[in-house]
Amino acid sequence: MTSLVFNSVCIFSNDYDFIKSCLQLDIGKKFVFLETGKIDKKVKKLIETYKCPFYEIDKSSLSILVPDADIGLMFGFGIKLASEIIRRHKNGVVNAHPGDLKLYRGRHPIGWALIEREPKITLTFHKITKDFDLGLIIKEISIQVDELDTEYSLIKKVGLCFTYSTFLEMFN
């Protein structure tokens, strides 16, 4: 795969650790989109620290506010992106799905993995399409489930998995 250059990224998430990892990427302009009513003060302070524009949005304002960008990155975002918005991203939108898409598509994959007593969960990076969790899988990362892990602790582990080196591995 040839090396891609990204000058702009749209981040669709409400997760502190994922947003922080994305803001630390060596990419030009960043835009953060948060779901209305789900803004955490800690997340807002983080975004302000990076002097990054952010938008609190709902489904009706999404198509108005999302700019054209080189790439979109998503994790834990409860609003489905319309095809028109996906097309605004030159290299598509990549979702970080906290589950093995062959086993746990849809909502709450970590909870289902815990119910099934899986020894690990899989963080699956895949391209977003008009259908939920059916896009091309780009990368998978296994995360060990410890005896005392909860859904919350595993979500934290997942949010911390997205690093600049992971990003480079996906696109270079």
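Residues numbered from 1 in each chain as written. Predicted model: local features only at pLDDT ≥ 70, side-chain atom pairs only at ≥ 80, totals over all residues. Heavy atoms only, no water.

Peer 1: Can you break down the overall build of the protein chain residue by residue, with the values?
Peer 2: When helices and strands are tallied, the protein chain shows seven helices and seven strands. Taken over the C-alpha trace, the protein chain has a radius of gyration of 15 Å; the compact-globule value for 172 residues is 16 Å, and the two agree within 12%. Oriented by its inertia axes, the alpha-carbon framework of the protein chain measures out at about 40 × 40 × 30 Å. Per-residue burial over the protein chain gives 49% buried out of 172 residues. Considering only intrachain contacts with a sequence separation of at least 6, the fraction spanning at least 24 residues in the protein chain is 52%. Accessible surface computed for the protein chain: about 9,300 Å², of which carbon and sulfur atoms make up 54%. The averaged location of the 22 negative side-chain charges in the protein chain is 4 Å from the averaged location of its 24 positive side-chain charges. (Helix = DSSP H or I, 4+ residues; strand = E, 2+ residues; numbered from the N terminus. Rg over C-alpha atoms; globule rule 2.2 N^0.38 Å. Buried < 20%, exposed > 50% of the residue type's maximum accessible area, 1.4 Å probe, protein only. Contact = heavy atoms within 4.5 Å. Areas by Shrake-Rupley, 256 points an atom, 1.4 Å probe, with all protein chains shown as cover. Lys, Arg positive; Asp, Glu negative; His and termini not counted. Charge placed at Lys NZ, Arg CZ, Asp CG, Glu CD.)

Peer 1: Hey, could you go over the packing of helix H1 (residues 16–23) against helix H2 (residues 41–49) for me, with residue numbers and the actual values?
Peer 2: One way to put it is that H1 packs onto H2 with a least axis distance of 10 Å and a crossing angle of 5 degrees. Classified by the angle between their axes, H1 and H2 sit roughly parallel to one another. Contact residues: H1 offers Tyr16, Ile19, Lys20 and Leu23, while H2 offers Lys42, Val43, Leu46 and Ile47. Class assignment of the residues belonging to the contact of H1 with H2 gives a composition of six nonpolar, no polar and two charged. (Axes fitted to C-alpha atoms, helices over the stretch in contact; angles between N-to-C directions. Parallel < 35°, antiparallel > 145°, perpendicular 65-115°, else oblique. Nonpolar A, V, L, I, M, F, W, Y, C, P; charged D, E, K, R; others polar.)

Peer 1: Can you lay out the environment of Lys120 for me, pointing to particular residues and giving the numbers?
Peer 2: Along the polypeptide, Lys120 turns up in strand E6 (residues 120–127). The exposure class of Lys120 is partly exposed, given its relative accessible area of 42%. A C-alpha to C-alpha distance of 9.7 Å links Lys120 and Ile110, two positions 10 residues apart in sequence. Residues within four places of Lys120 in sequence aside, it is in contact with Ser142, Ile143, Gln144 and Val145.

Peer 1: Explain the sheet that holds strand E2 (residues 29–35) to me, using residue names and the numbers behind them.
Peer 2: Taken in spatial order, the seven strands of this open sheet run E3-E2-E1-E4-E5-E6-E7, and their pairing is mixed. In this open sheet, the two edge strands, each paired with only one partner strand, are strand E3 (54–57) and strand E7 (137–144). Taken over all neighbouring pairs, the strand axes of this sheet differ in orientation by 15 degrees on average, direction set aside. Bridging between E2 and E3 involves four bridges; their strand directions are parallel. Bridging across to E3, Phe33 finds its partner in Tyr55. Packing of H1 onto the sheet brings it into contact with strand E1 (8–13), E2, strand E4 (71–75) and strand E5 (93–97), and relative to E1 it is tilted by some 175 degrees. Seen against the sheet, helix H6 (residues 151–161) touches E4, E6 and E7 and runs at an angle of roughly 135 degrees to E7. (Pairing = 2+ DSSP bridges.)

Peer 1: Tell me what's going on with the side chain of Thr124, and back it up with residues and numbers.
Peer 2: Within the secondary structure, Thr124 sits in strand E6. Judged by relative accessible area, Thr124 falls into the buried class, the value being 0%. Among the polar contacts listed, one links the side chain of Thr124 to the backbone oxygen of Gly99, at a separation of 2.7 Å. Residues within four places of Thr124 in sequence aside, it is in contact with Asn95, Ala96, His97, Gly99, Asp100, Leu101, Ile137, Lys139 and Glu140. (Polar contact = N/O pair within 3.5 Å; in protein donor to acceptor, adjacent residues only side chain to side chain.)

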